[in-house]
Amino acid sequence: MLRTTPLVDGHNDLPWRIREDTLHSNDLEAYSLTVRAPGMTDLPRMKQGMVGAQFWSVYEPGEPDASTYKRNGKVTGTPGYARVQLEQIELAKRMIAKYPRDLVLATTEADVRKAFREGRIGSLLGMEGGHAIENSLEALRAYYDLGARYMTLTHNVTLDWADAALDSAVHHGLTPFGREVVREMNRMGMLVDLAHVSPAVMSNALDVSEAPVIFSHSASRELVNHPRNVPDSILRRVPKNGGVVMVPFVVSFVNRAVKAYEDSLAAEEKVLKARTCRLEATASAPRRNALRRRRPHRARTSCRWRRSRRHRKRSRWHHHHYRRTRGRFEVSDAAGRAGEARLDRSGPS
Ligand SMILES: [Zn+2]
C-alpha cells in the first residue's frame, strides 16, 4: 500500500536537532543524513520506513527565556522569535536542497504526488508555535510565502491569543485575533495544527475553520490522560471537519505506565525545586552561594525561573499542592482550583 499511496509524516523535529547538535551545532555538512545519524532521522531509515512525504518542523521554543534567545559570542543582538523562525526555515530548506535525489521542497499536494512518483520524499514545512508571528498577520503571510504550510497555533506557552495545553488557560480558547489567525490560514491554504493547544482552543478552531484541521502529533486523551492528547469530545467533531489526528511516537503520549512514571519524576523535581528555592530565600548571601554551588544540576533547579516576570505574574499559581487521583497527576492552587501539571520536557515534542 505504501508503494502506491504516499504516507505523510506530520512532524519531524530534525531541523531543530541539527541546530542544537552538541558537537556541530547548525552544521549541515557535519550532520550527514546519508549515513546513520545521531538523531532519530536519516535517509536510510526514512526509506526503510517508506515515508512518502514529510512535514519538517521548523520548531522554535515559545519560552522567551530559552537559551536560543540569549546572547552568544557570535551575535551582538538578542535573537527574537521571528529571527529564529527565519533561521529554521532557511536551515530546513538548505537541508532539503542538500539531498536532491531523496528530498524535494513541496508546497502543494501536486508537489507531494509528483515527488512520490519520482521516488523522492516531498518535503513540506510546518511551523511549530504561533509565537513566531509575533501577533502579526503580515508575518503569518510572509511565512506562508516562504513555504510554511501548517502552523501549530501554540507550542507549550500560552500566547496573547491562544491557550497552550501545557500552560495556564488565560483566554479559555481563542481570542478574536486568534480566530482571525485561523481565518487567514484558511484563506491562504495553510493547515491549522491543533497539537499543543488547549481543548478550548481546539473547540474554537473547529468552530471557525472552514478547512480540515490537523493534529500533527497528538494521541487520544481517553487512552492516555496526557494534556497534549485530544479529548473524545473533540475527536468526535474531527470526522465532520475532515481533519486528521496523527499519533506520534512520543511514548508518554501513548503509554499509560510511561506517563505515570514521567509524572512521578516531574512531581519529585517540583518538590526539590521548591525546597531549594525556600532554602535559598531564607539563607544568608554566602550560604546561598554555597547552596547554589553544591547543586549538581544548577540550571534545572535554579530559583531564577520563579523570579522571571512571567512567573512572578503567576506566582499565585505556584502555591499549589499535588495530589494523585486515579493515576492522573493534578495540580491545584491554595483555593483548590484544578490545573494541569506542567511537565518539564527536554525536547520540543
Ligand atoms: Zn511539539
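Criteria and thresholds
- Residues numbered from 1 in each chain as written.
- Predicted model: local features only at pLDDT ≥ 70, side-chain atom pairs only at ≥ 80, totals over all residues.
- Helix = DSSP H or I, 4+ residues; strand = E, 2+ residues; numbered from the N terminus.
- Buried ≥ 20, exposed ≤ 12 C-beta atoms within 10 Å, placed from the backbone.
- Contact = placed C-beta atoms within 7 Å.
- Axes fitted to C-alpha atoms, helices over the stretch in contact; angles between N-to-C directions.
- Parallel < 35°, antiparallel > 145°, perpendicular 65-115°, else oblique.
- Left-handed = near helix turned anticlockwise from the far one by under 90°.
- Nonpolar A, V, L, I, M, F, W, Y, C, P; charged D, E, K, R; others polar.
- pLDDT = per-residue confidence, 0-100.
- Pairing = 2+ DSSP bridges.
- Right-handed = clockwise from strand over helix to strand, strands pointing away.
- Core = buried A, V, L, I, M, F, W, Y, C linked by C-beta atoms within 7 Å.

Asks: Break down the overall build of the protein chain for me, with residues and values.
Replies: Within the protein chain one finds 16 helices and 11 strands. Evaluated residue by residue, the protein chain yields a buried proportion of 31% over its 349 residues. Contacts in the protein chain between residues far apart in sequence, at least 24 positions, make up 63% of those at least 6 positions apart.

Asks: Outline the packing of helix 6 (residues 176-188) against helix 7 (residues 199-208), listing residues and values.
Replies: A pair of packed helices can be characterised by two numbers: the angle between their axes and the separation between those axes. The N-to-C vectors of helix 6 and helix 7 enclose an angle of 50 degrees; their axes lie 10 Å apart at closest approach. It follows that helix 6 is oblique to helix 7 by the angle criterion. The element helix 6 and its partner helix 7 pack so that their crossing is right-handed. Between helix 6, through Arg179, Val182 and Arg183, and helix 7, the contact on the second element is made entirely by Asn204, Ala205 and Val208. Residues of the contact of helix 6 with helix 7, tallied by class, amount to 3 nonpolar, 1 polar and 2 charged.

Asks: Help me get a handle on the environment of Phe55, residues and values and all.
Replies: Here Phe55 lies in strand 2 (residues 53-59). Put simply, Phe55 and Tyr150 are 95 residues apart on the chain and 8.7 Å apart in space, counted from C-alpha to C-alpha. Sequence-distant contacts of Phe55, defined by excluding residues within four places in its chain, comprise Asp9, Gly10, His11, Asn12, Leu124, Gly126, Tyr150 and Ser216.

Asks: Explain the packing of helix 5 (residues 137-145) against helix 6 residue by residue, including any values.
Replies: For the pair helix 5 and helix 6, interaxial distance at closest approach is 11 Å and the crossing angle is 30 degrees. Relative to helix 6, the element helix 5 is oriented roughly parallel. The handedness of the crossing between helix 5 and helix 6 comes out as right-handed. Residues Leu137, Leu140, Arg141 and Tyr144 of helix 5 form the contact with helix 6, whose own contacting residues are Glu180, Val181, Glu184 and Met188.

Asks: Describe the confidence of the model for the protein chain, naming the residues involved and giving the relevant values.
Replies: On average, residues of the protein chain score 85 in pLDDT, and 81% of them are at 70 or above. This stretch, residues 297-302, has a pLDDT under 50; its non-local contacts, to residues over four places away or in other chains, come to 5 contacts. This stretch, residues 304-308, has a pLDDT under 50; its non-local contacts, to residues over four places away or in other chains, come to 6 contacts.

Asks: Explain the pairing of strand 5 (residues 148-152) to me, and be specific about the residues and the numbers.
Replies: Across the 5 residues that make up strand 5, a large majority, 5, are buried. Two elements, strand 4 (residues 121-128) and strand 5, share 4 bridges in a ladder whose sense is parallel. Paired with Met127 across the two strands is Met151, which belongs to strand 5. The parallel pair strand 4 and strand 5, bridged by helix 5, forms a crossover whose chirality is right-handed. One ladder, built from 3 bridges, connects strand 5 with strand 6 (residues 191-193); its direction is parallel. The residue bridging Met151 from the neighbouring strand is Val192, located in strand 6. Note that the unit made of strand 5, helix 6 and strand 6 has a crossover that is right-handed.

Asks: Outline the nonpolar core, supporting the account with residue identities and numerical values.
Replies: In this structure, Val58, Ala148, Leu153, Val192, Leu194, Val197 and Ala205 are the most contacted members of the largest nonpolar core, which totals 54 residues. Per element, the largest residue contribution to this core is 5 residues, and it comes from strand 2. Contacts of Val192, omitting those with residues within four sequence positions, involve Leu153, Val182, Met185, Ala205, Ser209 and Val213.

Asks: Break down the pairing of strand 1 (residues 8-12) for me, with residues and values.
Replies: Within strand 1, 4 of the 5 residues are buried, leaving the element largely enclosed by the surrounding structure. Across 3 bridges, the pairing between strand 1 and strand 2 is parallel. Along strand 2, the bridge assignment pairs Asn12 with Trp56.

Asks: Describe the environment of Asp9, naming the residues involved and giving the relevant values.
Replies: Mapping Asp9 onto the fold places it in strand 1. Remark: the alpha-carbon pair of Asp9 and Val247, spanning 238 residues in sequence, is separated by 9.8 Å. If sequence neighbours within four positions are ignored, Asp9 has contacts with Val51, Gln54 and Phe55.

Asks: Account for the environment of Ala164, naming residues and giving values.
Replies: Tracing the backbone shows Ala164 in the loop between strand 5 and helix 6. Discounting residues that sit within four places of it in the chain, Ala164 has contacts with Thr154, His155, Asn156, Val157, Thr158, His196, Val197 and Ser198.

Asks: I'd like a rundown of helix 7, residues and numbers included.
Replies: For helix 7, the full list of buried residues reads Val201, Met202, Asn204 and Ala205. Against helix 6, strand 6 and helix 8 (232-235) lie the buried residues of helix 7.

Asks: Give me the lowdown on unusual backbone geometry, citing residues and values where you can.
Replies: A positive phi angle, close to 65 degrees, is found at Asn26, a residue other than glycine. For His196, which is not glycine, the phi torsion reads 80 degrees and is therefore positive. Topologically, His196 is positioned in the loop between strand 6 and helix 7. For His196, a count of 28 C-beta atoms within 10 Å gives the class buried.

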